[in-house]
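A closer look at the structure
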Amino acid sequence: MIKLENLSLSIDRINILNGIDLKIDKGDLIGIIGPNGSGKSSLLRCIYRVMKKSGGKIYFEDKDIDNLSIKDTSKKLAVVSQHNEYNFDFTVFDMVMMGRSPYKKFLDKDTSYDIDIALNSLETVGMIDFKDRNYSSLSGGEKQGVILARALCQKAEYLVLDEPTNHLDIKHQLEFMEVVKNLNITVIAAIHDLNIALKYCNKICAIKEGKVVAYGTKEEVITPKIISKLFGVNSKIIADDETGIKSVAFTLNHI
Ligand SMILES: Nc1ncnc2c1ncn2[C@@H]1O[C@H](COP(=O)(O)OP(=O)(O)OP(=O)(O)O)[C@@H](O)[C@H]1O
């Protein structure tokens, strides 16, 4: 379980997150939704400790993260974000092996156990055939698969996804989210596409101006009323006649 209590973040006296309370249960796949600039990435960055919160508490199970080392945090939590360009080049396999670094001391060698985990992670994301390729030669979608494999290689209980499918075509978006869903671990994902959120998340946290506007099941949160409050657009939730699968259709208010 991850618990946020009264989490706040201010930068240059501007309040970015304002007293966020959130409880993420084990096995949840939580979508964080909200308009541009509402604080989704900042919230996740506080959880994965790239940003230092200004106030409040974050707990992993019963442990206050202020008392956890960065290395111990990395054993618990892996991250996939939307920015995957690096100014250096490694093979795909070496990139994935970096996921083992929280478990290593300086100059420790990779064990056959580490190598098996890396190969299994590449298998899981369907990219084993890419293992000897240079990372920089991959397409954006392929890079995202490698970064997910690196996260899996960390063997963390929690996975944070910061708008991970933004640059992916629809097939790659669905494939990425299918892999994530089938991991059966706890996932917190900032998601722009409400249809992806509807399809894959079991809970949704809606934020606006750094505050939680709604938190609950996707049926409770992805509603025309809340969508209008968040984004200022009209919407309709449509259920497919055959499958019952729901999707959202949008129009601008004045159209
Ligand atoms: N390092 C920073 N310095 C100053 N302002 C920042 C910093 N990081 C984030 N912000 C501001 O905090 C607000 C929230 O940004 P954040 O990236 O968390 O929003 P978001 O909901 O993820 O947005 P988007 O959907 O556009 O990616 C924005 O107004 C942003 O400009």
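Naming follows an unreviewed UniProt entry, where the chain appears as Iron complex transport system ATP-binding protein of Maledivibacter halophilus.

This part takes up the overall build of the chain. Along the backbone of the chain there are nine helices and 12 strands. Taking 18 Å as the expected radius of gyration for a compact globule of 255 residues, we find that the chain reaches 19 Å, a close match to that expectation. Its C-alpha atoms put the chain at 60 × 45 × 30 Å along the principal axes. The buried share among the 255 residues of the chain stands at 35%. Sequence-distant contacts in the chain: of pairs separated by 6 or more residues, those separated by 24 or more amount to 64%.

Looking now at the site of the ligand. Around the ligand, the neighbouring residues are Ile11, Ile16, Gly34, Asn36, Gly37, Ser38, Gly39, Lys40, Ser41, Ser42 and Ala190. The element best represented in the shell around the ligand is helix α1 (residues 40-47), accounting for three residues. Within the shell around the ligand, the residues separate by chemical class into three nonpolar, seven polar and one charged.

Attention now moves to the nonpolar core. Grouped together as the largest cluster of nonpolar side chains are 67 residues, with contacts concentrated most on Ile30, Ile32, Val96, Val160, Ile188 and Ala197. Looking at which element gives the most residues to this core, the answer is helix α5 (residues 140-153), with seven residues. Beyond its immediate stretch of four places on either side in the chain, Ile32 contacts Lys40, Leu43, Ile188, Ala189, Ala190, Ile191, Cys205 and Ile207.

A separate point is the sheet that holds strand β5 (residues 63-64). The strand order β2-β1-β4-β5 describes an open sheet built from four strands, whose pairing is antiparallel. In the strand order of this sheet, the two ends are held by β2 (14-24) and β5, each with one partner. Pairing of strand β1 (residues 2-11) with β2, which is carried by seven bridges, proceeds in the antiparallel orientation. Among the inter-strand pairings, Ile11 is bridged to a residue of β2, identified as Ile14. With respect to the sheet, α1 is in contact with β1, β2 and β4 (55-60), its orientation differing from that of β2 by roughly 65 degrees.

Turning our eyes to something else, we now look at the sheet that holds strand β7 (residues 158-162). Ordered in space as β6-β7-β8-β3-β9-β10, the six strands form an open sheet in which the pairing is mixed. Taken across any chain shown, the strands that pair with only one partner, and hence form the sheet edges, are β6 (77-80) and β10 (211-217). For this sheet, the mean inter-axis angle between neighbouring strands, taken without regard to orientation, is 15 degrees. Pairing analysis gives six bridges linking strand β9 (residues 203-208) to β10, with the strands arranged antiparallel. Its bridge partner being in β10, Lys208 is matched across the sheet by Lys211.

The UniProt record annotates "domain: ABC transporter" (unreviewed entry) at residues 2-234. End C-alpha to end C-alpha, residues 2-234 measures 33 Å, and it is 34% helix and 27% strand.

Moving on to the environment of Asp94. On the secondary structure map, Asp94 appears in helix α3 (residues 92-97). Asp94 sits in the partly exposed class, given 16 other C-beta atoms within 10 Å. In this structure, the C-alpha to C-alpha distance between Asp94 and Arg150, residues 56 residues apart in sequence, is 9.3 Å.

Calculation criteria
- Residues numbered from 1 in each chain as written.
- Predicted model: local features only at pLDDT ≥ 70, side-chain atom pairs only at ≥ 80, totals over all residues.
- Helix = DSSP H or I, 4+ residues; strand = E, 2+ residues; numbered from the N terminus.
- Rg over C-alpha atoms; globule rule 2.2 N^0.38 Å.
- Buried ≥ 20, exposed ≤ 12 C-beta atoms within 10 Å, placed from the backbone.
- Contact = placed C-beta atoms within 7 Å.
- Near = placed C-beta within 6 Å.
- Nonpolar A, V, L, I, M, F, W, Y, C, P; charged D, E, K, R; others polar.
- Core = buried A, V, L, I, M, F, W, Y, C linked by C-beta atoms within 7 Å.
- Pairing = 2+ DSSP bridges.
- Axes fitted to C-alpha atoms, helices over the stretch in contact; angles between N-to-C directions.
- UniProt positions renumbered as here; feature names shortened; annotations may be inferred.

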